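# An overview of the molecular structure
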Amino acid sequence: MLSTDDLAAVWLTVKLAGLTTVLLLALGTPVAWWLARTPSKLKGLVGSVVTLPLVLPPAVLGFYLLVLMGPQGPVGRLTQALGLGLLPFTFAGLVVASCLYSMPFVVQPLQQAFAAIGRAPMEAAATLRASPLDAFFTVALPLARPGFITAAVLGFAHTVGEFGVVLMIGGNIPGKTQVLSMAIYNHVEAMEYTNAHWLAGGMLVFSFAVLLLLNSRGWNRRG
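The shown structure was predicted, so the numbers you read here are calculated from the model rather than taken from an experiment. (Residues numbered from 1 in each chain as written. Predicted model: local features only at pLDDT ≥ 70, side-chain atom pairs only at ≥ 80, totals over all residues. Heavy atoms only, no water.)

What follows covers the overall build of the chain. The number of helices and strands found in the chain is 11 helices and zero strands. Counting helices and strands in the order they occur from the N terminus, the chain gives α-α-α-α-α-α-α-α-α-α-α. Along the first, second and third principal axes, the C-alpha set of the chain runs to 65 × 45 × 30 Å. Here the chain, with 223 residues, has 38% of them falling under the buried criterion. Of all intrachain contacts in the chain linking residues separated by at least 6 positions in sequence, the fraction that spans at least 24 positions is 71%. With the model as given, the accessible surface of the chain reaches about 12300 Å², and the carbon-plus-sulfur share is 71%. (Helix = DSSP H or I, 4+ residues; strand = E, 2+ residues; numbered from the N terminus. Buried < 20%, exposed > 50% of the residue type's maximum accessible area, 1.4 Å probe, protein only. Contact = heavy atoms within 4.5 Å. Areas by Shrake-Rupley, 256 points an atom, 1.4 Å probe, with all protein chains shown as cover.)

Here you go:
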């Protein structure tokens, strides 16, 4: 059965994944909209920065985030000057790292959904005297609903499975920064395979459910 520390790790993981997903949907939507519609020459550069975590080893990303947010890093100095302390080995630090690491899994589905809309619906809304902001909320967002569902599911699931970035930024502090992947690692290291099976099995079921949801057709229809 699950111990108190295991349950704490489950709750911390769910909280981290939920908060990361909400923040990424809020921050990633304007980025995805810009990438889908801009003719700017900077599109390739911005798109490459957004998708960099897809090919960058998590330990490398975690290392540079640790340097940036450490006491000698620019971000670390800023947070200390603001009285916020240092972000490494805190839940806030995990949220920042998770947002950066899971960003492409949210931005890319949104960008593809916005690009699939085309310009005709927005131009039609403009002829009806809808402002760009009104057209975005009343036309673009409803049409991009499948993309938002995909982005939310992928962003949440990817954050749940994080290990390397979490290890570098959060360490392994029970009840504070110890997430599911770290709890499984601890049990395996201690040869507590029964406990590891409980957690790993839950992750396996969750992962299969995510794939089943993404591959189902009922929710992916526009309407």
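Further notes follow.
Quick look at the UniProt feature "domain: ABC transmembrane type-1" (unreviewed entry) in the chain now. Taken from the UniProt record, the annotation "domain: ABC transmembrane type-1" (unreviewed entry) applies to residues 10-216. Counting secondary structure, residues 10-216 comes out at 77% helix and 0% strand; the distance between its end C-alpha atoms is 27 Å. (UniProt positions renumbered as here; feature names shortened; annotations may be inferred.)

The subject of this paragraph is the nonpolar core. Core analysis: the biggest nonpolar cluster contains 28 residues, and Trp33, Leu110, Phe114, Met122, Ala140, Ala144 and Val179 have the highest contact counts within it. Looking at this core, the elements that each hand over two or more residues are α1 (4-37), α5 (91-117), α6 (120-127), α7 (132-143) and α8 (145-160). Ranked by residue count, the leading element in this core is α5, at nine residues. (Core = buried A, V, L, I, M, F, W, Y, C linked by side-chain atoms within 4.5 Å.)

Peptide bonds are mostly trans, and most non-glycine residues show a negative phi. Look at arginine 129: it is not a glycine, yet its phi comes out positive at around 70 degrees. With respect to the helices, strands and loops of the structure, arginine 129 is situated in the loop between α6 and α7.

The feature "transmembrane region" (unreviewed entry), as given by UniProt, occupies residues 12-36, 48-69, 81-103 and 196-214 in the numbering adopted here. The distance separating the terminal C-alpha atoms of residues 12-36 is 34 Å; by composition the span is 100% helix and 0% strand.

Along the polypeptide, aspartate 6 turns up in helix α1. One buried charged side chain, aspartate 6, makes no salt bridge at all; its nearest oppositely charged neighbour is lysine 15, positioned 16 Å away. Other than its neighbours up to four places away in sequence, aspartate 6 contacts Ala183, His187, Asn195 and Leu199. (Lys, Arg positive; Asp, Glu negative; His and termini not counted. Salt bridge = Lys/Arg side-chain N within 4 Å of Asp/Glu carboxyl O.)

Quick look at the confidence of the model for the chain now. Per-residue confidence for the chain gives a mean pLDDT of 90; residues scoring 70 or more make up 97%. Confidence, read as mean pLDDT per element, is least for α6 in the chain (87) and greatest for α5 (95). (pLDDT = per-residue confidence, 0-100.)

Turning next to α8. The end-to-end C-alpha distance of α8, which contains 16 residues, comes to 23 Å, matching closely the 22 Å that a straight helix rising 1.5 Å per residue would cover. For α8, the complete set of buried residues consists of Pro146, Gly147, Phe148, Thr150, Ala151, Val153, Gly155, Ala157, His158, Thr159 and Val160. Packing partners of the buried residues in α8 comprise α1, α5, α7 and α11 (193-215). (Expected span 1.5 Å × (residues − 1).)

Our focus in this paragraph is the packing of aromatic side chains. Counted under the stated rule, the structure contains eight aromatic pairs. Centre to centre, the rings of tryptophan 33 and phenylalanine 136 are 5.0 Å apart; their planes meet at 75 degrees, and the pair counts as edge-to-face. Here phenylalanine 136 lies in helix α7 and tryptophan 33 lies in helix α1, a separation of 103 residues in the sequence. Each ring, one from phenylalanine 114 and one from phenylalanine 136, has its centre 5.9 Å from the other, and the planes form 50 degrees; the classification is tilted. Placement of the pair is phenylalanine 114 in helix α5 and phenylalanine 136 in helix α7, with a sequence separation of 22 residues. Pair check on accessibility: phenylalanine 114 and phenylalanine 136 agree, each one buried. Taken together, the ring pairs connect Trp33, Phe114, Phe136, Phe137 and Phe148 into an aromatic cluster. One cation-aromatic arrangement involves lysine 15 over phenylalanine 91; the distance from NZ or CZ to the ring centre is 4.8 Å. (Phe/Tyr/Trp six-rings, centres within 6.5 Å; stacked < 30°, edge-to-face > 60°. Lys NZ or Arg CZ within 6 Å of the ring centre and 35° of its normal.)

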